[in-house]
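Geometric and topological summary
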Amino acid sequence: MQCVRVWFHKNGRAKYISHLDLMRSMTRAVKRAGIPLWYTEGFNPHPYMTFPLPLSLGVESDRECMDIKVEDGMSLEEIKKSFEGKMPEGLDVFDVTQPFCDAKEIRSAAYRITMKFPDKKTAEEYAEMSKNAIAGKCLVGRKKGKQGRRKVIKEIPLEDHIFESDFKVDGDTLVCEVRLSAGNENNINPSVFATALNEHNGLLPEYVLFYKIGLYTQGTEIFC
Amino acid sequence: MLSPKVENLILSVQKPGRYTGGELNSVIKDKDKVDIRYAFCFPDTYEIGMAHLGMKILYSLINAREDAWCERVFAPWVDMEEKMRENGIPLYALESGDPIGDFDVIGFTLQYELGYTNVLNMLSLAGIPVRSEDRTSLTPLVVAGGSCVCNGEPMADFIDVMLPGEGEEITNVFLDLFKQYKNEGKSKREFLEACSQIEGLYVPSMYDITYKDDGTVEKIEPLGSAPEKVKKSVVRDIDKMFYPEKFVVPFIDVVHDRTTAEIFRGCIRGCRFCQAGFLYRPIREKSATTVDEQCRKIYESSGYEEISLCSLSTSDYTKLDELLDKLLDWTIDEKINISLPSLRADNFSKELVEKLGRVRKSGLTFAAEAGTQRLRDVINKNVTEQEVLESARKAFKSGWTSVKLYFMIGLPTETDEDIAAIAELSQKVVDEYYKNEDRPKGRGVSVNISVASFVPKPFTPFQWERQDTMQELKRKQEYLESCIKTKKIAVGWNDTRISFLEGVLARGDRRLGKVIETAWKKGCTFDSWDDRFDFDKWLEAFEECGVDPAFYANRKREFNEVLPWDHMDYGIPKSFFRRENEKAFRNETTAHCREKCNACGANKLCGGECDAMRQSLVSQKRQS
């Protein structure tokens, strides 16, 4: 039995596949690909499949990964080849590697957030206010959480979770690149960050697009 | 592709995966290279519609044509509908994201009567006039198929062409004709007249219905050269019939998300309440090799973890053992579960249970339908109490701890004794569990009984019978509840108001068209959903249209009454149903088709041949 890391895109309409649905789709994709999955040996055997860091709904990415356990006998190249033509639209597999880093080592993720405004002036205004907010450490993120059984909104000061950020205005569009805390603890969803900006700036973009650039371990060491 | 308008709002509705498309095996074509754009509409949510086998078959069949592109459309849930109307987004097809108002053909499948308001709502969301007479050009043409089309009269005002019977062959005939008329620039009227000349196509507007003073139908008159009787379509050889090699694999969790293989069509049983048992006659089986190959192809292109063998009565398949051996050969290694719905309690073998238990245990359901032998004889459900208990015993011996039983209340001739017997039979099933010495220690049994309210349907021996009123059904439900003494038996009911409405629409005539339209205008959609069903609005609609619903549901018809569906020919003459009806009231049963041919006449649909007839001759010869 070997554990392999499968790298794939999640683009276009595929960004609307929730994590739970993605797991089911991937299990089926592996079966279609004819890859001999290793099954757990319990009462109800099931394949082993985990995602080091699930992607939020509505976010596109060109570097997603999942770990699966496969029976011995296939090389990484063969596994990669068997996925060809077996994936749904927007979910192509582009590489299969050994898992070098452990999922626990993930510390941050970088995103590109594209916001469209009615005009250039508003976009610039929004960018300026955002920069000030980050410098002044006054952004607060809101996350849905649970206290016992009760549903509550948790407020998280974002200053410790924003590493680098950059704002560029191109016409009526603002492109923000930001690296946020990620991983098992302290995962900040990019939409939480964007909503915090909206609330602080008192402005709402016409639409927002999210794209994940990559995952990092310590500093800007790429997760692989 | 999704339009930017849709993308903007899609994350603000429940289950966006219902509206995105882009699933594996969905078919994308170049719209400029096809002659016919076909929107296959299912008048319910994505999760329900994606389970429908007929849609999978016709989707692949139409897309196998180079000149046509078939796309899927489902009814958006209330939250999405609201957003679409707010933002001026017309109903679009999932594959292209294009508004279906621009399509050539809009095809609905009418699976149950309570989807009718959704048909109107989907048309209106697409910006298409709901009434056939208000759509004057050839496109978009609105067509419908599915089992409800056997009496599509309540929908006659809205649908241009109906396709009664099986769609695998007639769909291509229809599309060829459509393409020819469209290319020649012919009018809708010309096309409809041409359709009415083709066996298997029904054009409601080519028939004139007159009514008597007492409200019953006086006459159904064909106009122009339309035929007196519209024959349903039948596929003679279902072993060689088109079957998809690929299923669209949804991302989100849908009902019955699995490989489905049809093993036979039709039914030999002749249960007198069952519409499907008569609509799909004569019985025709696929070979085990064909089914095995079809399962394998769909598995390879989908990766589904379950195979379901589909038919009206799985254990009546003569090649079941052969097929299971073939399937188990490869499914065990692939960890694929096989499920057999619609098993009968009287031929459920221990070997079968063992074979199925080898992979994973799924639920077991037995349909007893009625509590006493007398009533089971009336409905011709030829299952004895001993057989039900024997099946339960076998199931418990093989490790099951929960079984489901199906019953009906409101059947013709039913008394309180019959209802009490439902509780007694369920109790006996519970007792069987405790008689089993090998039962798992410390584990109780659960017997779930699902008690449906009987709705008389066209093309059954009970098509003339009155349906119990809501009050009668309610009282029977309460009485049954009082007869159940243990928590080990859990009862599930239907809403009696929904059954009533279903009964009205099932045997209705064209005068219900305006009622359906009025109810829809009042906001009725998704009527089969308990949380959406608004009975008061329906009652208002009946009132405003001056239509008495009880006339359709609770009235016993005379044998000589002209029924609204008398011009539809499903291969079985009224005289057969009448004979069966009279036998029912004498508590007489009718043997199943393989024991003895009862001359229902359906064999004529296939040129006189019938699988069951051949087999019944063989068994008779053996006996002599």
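Because the structure is predicted, anything quoted here is derived from the model rather than measured.

What follows deals with the overall build of chain A. A tally of regular secondary structure across chain A gives 4 helices and 10 strands. Listed by position from the N terminus, the elements making up chain A come as β-α-β-β-α-β-β-α-β-β-β-β-α-β. Oriented by its inertia axes, the alpha-carbon framework of chain A measures out at about 60 × 45 × 30 Å. Here chain A holds 224 residues, and 48% of them are scored as buried. The contacts of chain A with a sequence gap of at least 6 include a subset with a gap of at least 24, amounting to 73%. Here chain A displays about 11,300 Å² of accessible surface, and carbon together with sulfur accounts for 50% of that area. Between the averaged position of the 32 positive side-chain charges in chain A and that of its 32 negative side-chain charges there is a distance of 6 Å.

Further remarks concern the layout of surface pockets. In this structure, the second largest pocket spans a volume of roughly 780 Å³. Along its surface, the second largest pocket is lined by 24 residues, and A:V208, A:F210, B:E7, B:N8 and B:L11 are the ones closest to its centre. Here the residues of the lining of the second largest pocket are counted per class, giving 13 nonpolar, 8 polar and 3 charged.

Residue and element names in this part refer to chain B. Applying the stated criterion across every chain, the model contains 10 cavities of 30 Å³ or more. Every residue lining the largest cavity is listed: R18, Y19, Y46, R72, V73, F74, A75, P76, M84, L91, Y92 and L94. No other element matches the 3 residues that strand 2 (residues 68-74) contributes to the lining of the largest cavity. By residue class, the composition of the lining of the largest cavity is 10 nonpolar, no polar and 2 charged. Here the second largest cavity is characterised by a volume of approximately 80 Å³.

All names here are of chain A. Relative to the helices and strands, H19 resides in helix 1 (residues 19-32). Taking the relative accessible area as the measure of exposure, H19 reaches 29% and is therefore partly exposed. Measuring from C-alpha to C-alpha, the distance between H19 and I106 comes to 18 Å, with 87 residues separating the pair along the chain. Aside from chain neighbours lying at most four places away, what touches H19 is F51 and P54.

Residues and elements named next belong to chain B. Relative orientation of the contacting elements helix 16 (residues 470-483) and helix 17 (residues 496-506) amounts to 140°, with a least axis distance of 9 Å. With respect to each other, helix 16 and helix 17 are oriented oblique. The crossing of helix 16 and helix 17 is right-handed. Two secondary-structure elements touch here, helix 16 through M470, L473, K474 and Q477 and helix 17 through T496, R497 and F500. Grouping the constituent residues of the contact of helix 16 with helix 17 by class yields 3 nonpolar, 2 polar and 2 charged.

Residue and element names in this part refer to chain A. With domains assigned, chain A is organised as domain 1 (2-99) and domain 2 (105-216). Placing a centre on the C-alpha atoms of domain 1 and another on those of domain 2 gives a separation of 29 Å. Tallying the contact residues gives 11 residues for domain 1 and 12 residues for domain 2. For the pair domain 1 and domain 2, the two sides together bury roughly 930 Å², of which 57% comes from carbon and sulfur. Between E64 and K212 there is a salt bridge, with the nearest N and O atoms lying 2.8 Å from each other. Where domain 1 packs against domain 2, one counts 5 residue pairs in polar contact (both at pLDDT 80 or more). Split by residue class, the side of domain 1 that touches domain 2 holds 4 nonpolar, 3 polar and 4 charged.

Taken residue by residue, the interface counts 22 residues in chain A and 31 residues in chain B. A buried area of about 2,200 Å², summed over both sides, lies between chain A and chain B, and 52% of it is on carbon and sulfur atoms. Considering only the surface of chain A that becomes buried against chain B, A:R13, A:Y16 and A:R28 emerge as the three largest contributors, covering 38% of it. Where chain A packs against chain B, one counts 4 salt bridges. Between A:R24 and B:D253 there is a salt bridge whose closest N-O contact spans 3.7 Å. At the junction of chain A and chain B, the tally comes to 9 residue pairs in polar contact (both at pLDDT 80 or more).

Moving on to helix 15 (residues 416-435) of chain B. Across its 20 residues, helix 15 of chain B extends 29 Å between first and last C-alpha, which sits within 8% of the 28 Å expected from 1.5 Å per residue. All of the buried residues along helix 15 of chain B are B:D418, B:I419, B:A420, B:A421, B:I422, B:A423, B:L425, B:S426, B:V429, B:V430, B:E432 and B:Y433.

Okay, the sheet that holds strand 12 (residues 306-310) of chain B next. Residues and elements named next belong to chain B. With parallel pairing, 3 strands are arranged side by side in an open sheet as 9-12-13. At either margin of the open sheet sits one strand with a lone partner, and together these are strand 9 (259-262) and strand 13 (337-339). The average undirected angle you get between the axes of adjacent strands in this sheet is 20°. In terms of strand pairing, strand 9 meets strand 12 through 4 bridges, oriented parallel. From the neighbouring strand, T260 faces strand 12, where its bridge partner is S308.

Residues and elements named next belong to chain B. Membership of the largest hydrophobic core comes to 125 residues, with the highest contact counts inside it found for I100, F108, M155, F174 and F191. When residues are assigned to domains, this core turns out to be shared by domain 1 (4-231) and domain 2 (363-511 + 547-590), each giving three or more. Look past the residues within four positions of F174 in its chain and what remains in contact with it is V105, L141, V143, V161, F191, C195 and L201. Y317, L343, L389 and A420 belong to the second largest nonpolar core, which has 57 residues in total.

Moving on, we get to the sheet that holds strand 17 (residues 489-493) of chain B. All names here are of chain B. Across the sheet, 4 strands lie side by side as 14-15-16-17; this open sheet has parallel pairing. Lying at the two open borders of the sheet, with one neighbouring strand each, are strand 14 (365-369) and strand 17. Averaged over neighbouring strand pairs, the angle between their axes works out to 25° when direction is ignored. Across 8 bridges, strand 15 (residues 402-409) lies against strand 16 (residues 446-453) in parallel orientation. In the strand pairing of strand 16, Y406 is matched with S450.

Quick notes on the rules
Residues numbered from 1 in each chain as written. Chains lettered and ligands numbered in written order. Predicted model: local features only at pLDDT ≥ 70, side-chain atom pairs only at ≥ 80, totals over all residues. Heavy atoms only, no water. Helix = DSSP H or I, 4+ residues; strand = E, 2+ residues; numbered from the N terminus. Buried < 20%, exposed > 50% of the residue type's maximum accessible area, 1.4 Å probe, protein only. Contact = heavy atoms within 4.5 Å. Areas by Shrake-Rupley, 256 points an atom, 1.4 Å probe, with all protein chains shown as cover. Lys, Arg positive; Asp, Glu negative; His and termini not counted. Charge placed at Lys NZ, Arg CZ, Asp CG, Glu CD. 1 Å grid on protein atoms, 1.4 Å probe; cavity = no way out; pocket = protein on both sides within 12 Å on 5 of 7 lines; lining within 4 Å. Points joined across faces, edges and corners; volume = space filled by probe spheres on them. Nonpolar A, V, L, I, M, F, W, Y, C, P; charged D, E, K, R; others polar. Axes fitted to C-alpha atoms, helices over the stretch in contact; angles between N-to-C directions. Parallel < 35°, antiparallel > 145°, perpendicular 65-115°, else oblique. Left-handed = near helix turned anticlockwise from the far one by under 90°. Domains from an automatic or database assignment. Buried area = accessible area lost by both parts, 1.4 Å probe. Salt bridge = Lys/Arg side-chain N within 4 Å of Asp/Glu carboxyl O. Polar contact = N/O pair within 3.5 Å; in protein donor to acceptor, adjacent residues only side chain to side chain. Expected span 1.5 Å × (residues − 1). Pairing = 2+ DSSP bridges. Core = buried A, V, L, I, M, F, W, Y, C linked by side-chain atoms within 4.5 Å.

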